[in-house]
Amino acid sequence: MMSAVDAHWMQKALRLAERGLFATTPNPRVGAVVVQGDVEVGAGWHPGAGQPHAEVFALRAAGSAAKGATVYVTLEPCSHLGRTPPCADALVAAQVARVVVASHDPNPLVSGQGLARLRAAGIDVTEGVLTAAADAVNIGFLQRMRTGRPWVRAKIAHSLDGRTAMASGESFWITGEAARADVQYWRARSCAVLTGADTLLQDQSRLQVRMDLLAQRWPGHPQVKPPLRCVIDSQLRVPPEHPFFAESSAVLCTLASQPERDLEPYRARGVTVLQAPALAGKVDITFVLQQLAAQQGVNEVLLEAGPTLIGACFRHKLIDEFIFYQAPRLLGSTGRPLMDLPLSRMDEAINLRVTDQRQFGADWRIMARVEGTSTDEVNARTR
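This one's a predicted model, so the numbers in the text were calculated from it and none came from an experiment.

Visitor: I'm lost on helix α1 (residues 4-17) in this one. Help?
Guide: The periodicity of an α-helix, 3.6 residues per turn, causes residues three or four positions apart to be oriented the same way. An ideal rise of 1.5 Å per residue puts 20 Å on 14 residues; α1 measures up with 20 Å between its terminal C-alpha atoms. Among the residues of α1, those classed as buried are Asp 6, Ala 7, Trp 9, Met 10, Ala 13, Leu 14, Leu 16 and Ala 17. As for α1, its buried residues are in contact with β1 (31-36), β2 (39-45), β3 (70-75), β4 (98-103), β5 (124-126) and α5 (131-137).

Visitor: Can you walk me through the side chain of Asp 284 in this structure?
Guide: Structurally, the position occupied by Asp 284 is in the loop between β12 (282-283) and α11 (285-296). No salt bridge is formed by the buried Asp 284; its nearest oppositely charged neighbour, Arg 149, is found at 11 Å. A polar contact of 3.1 Å, which involves the side chain of Asp 284, links it to the backbone nitrogen of Thr 286. Setting aside residues no more than four positions away along its own chain, Asp 284 makes contact with Ala 276, Pro 277 and Leu 279.

Visitor: Explanation requested: the pattern of salt bridges in the structure shown.
Guide: Side-chain pairs of opposite charge can arise where the charged atoms are in close proximity. A full pass over the atoms with the stated rule returns 23 salt bridges. Linking Asp 89 and Arg 117 is a salt bridge whose minimum nitrogen-to-oxygen distance equals 2.9 Å. Remark: Arg 117 occurs in helix α4 (residues 113-120) and Asp 89 occurs in helix α3 (residues 87-93); sequence separation between them is 28 residues. According to the relative accessible area criterion, Asp 89 is partly exposed, its value standing at 36%. It is possible to trace a salt-bridge network through shared partners that takes in Arg 29, Arg 153, Arg 189, Glu 300, Glu 321 and Arg 369.

Visitor: Help me understand the nonpolar core, please; the structure alone is not making it clear to me.
Guide: Nonpolar side chains tend toward joint burial in soluble globular proteins. Within the largest apolar cluster, 35 residues are counted, with the highest numbers of intra-cluster contacts made by Cys 230, Val 288, Leu 303, Ile 319 and Phe 322. Ranked by the residues each element gives to this core, the list is headed by helix α12 (residues 307-315), at five residues. Every residue in contact with Cys 230, bar those within four places of it in the chain, is listed here: Ala 192, Val 193, Leu 194, Thr 195, Phe 244, Val 251, Cys 253 and Leu 292. Residues Val 30, Ala 54, Ala 66 and Val 71 belong to the second largest nonpolar core, which totals 23 residues.

Basis of the calculations
Residues numbered from 1 in each chain as written. Predicted model: local features only at pLDDT ≥ 70, side-chain atom pairs only at ≥ 80, totals over all residues. Heavy atoms only, no water. Helix = DSSP H or I, 4+ residues; strand = E, 2+ residues; numbered from the N terminus. Expected span 1.5 Å × (residues − 1). Buried < 20%, exposed > 50% of the residue type's maximum accessible area, 1.4 Å probe, protein only. Contact = heavy atoms within 4.5 Å. Lys, Arg positive; Asp, Glu negative; His and termini not counted. Salt bridge = Lys/Arg side-chain N within 4 Å of Asp/Glu carboxyl O. Polar contact = N/O pair within 3.5 Å; in protein donor to acceptor, adjacent residues only side chain to side chain. Core = buried A, V, L, I, M, F, W, Y, C linked by side-chain atoms within 4.5 Å.

Purely geometric numbers; function is a separate question.
Right, dumping it as structure tokens:
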């Protein structure tokens, strides 16, 4: 049974892990606390790829006080040599007495080997403390390691009558500033933002993280690794001069059959071009997500698109979670729907399970998943 003491210190480690929420891609977010007796003697978190891991920062802070101490870490210590030395070895060298771990690391290079190394050195290991909370912090990393696909959230701003834009496509602004600031939080914590050609042509959006709005939602977090900004454009309808392609983090996802001469203007602007096979004449989005995971280490994707692309992703079971922003206004029966999802009978209706709802200004944010896809169930299926 998990002790109250272990839960207390693991909560502290989880809060530290969240300090890397916007910057650790492609690595997981990890926090660590070193406790001697009932006193914290060291703490740390992983700030980003290529930098020391949380355990190393915590042990440095503890110094000689780490000997005989208990270390609380939110993810299994690594056991392989990557950009940095193995954390399991650092814990052994520090002569800690006990290590308490929240989540297993499904990375094949670790996957139980870190804990085995600690036990082989005579260190007492306790597992499974606040696992669900720790898994939520790294839900995308865990899914990428287990399935080869990132965790996909679909963001949809809509009216009370379920419309996302007027018939003309006009949608500025359905929601208020507080809700739009919350969107920046989800953009910032995502490794990639995915949209479609229709959305870019209609809105002229760059889909960048607005730091001024993010500061309203998450004060004191200036360190943000800009997410990749990806557009699905099978016909190359978005011109290379579009503002979306003005930044180096832009990715054009198009068909593998596109002639190189048509792609060169995009490459000349520094755009990464991902050519995908066709599926019913369109870009194979499953392939795109798999490639983003494999080539770019993308853990979490925020889907900000129109009803056509969101509907296609949903029909192919690529959406893991919805973020609905519901504004208290009516846009009328000719407005655009939430997604292109043609259903004709009540027995075809899809049930969603609401996981969280809260108010932002006059608007409501509703988090939901398709019924039967809780985090625990997803993890169980993919282990």
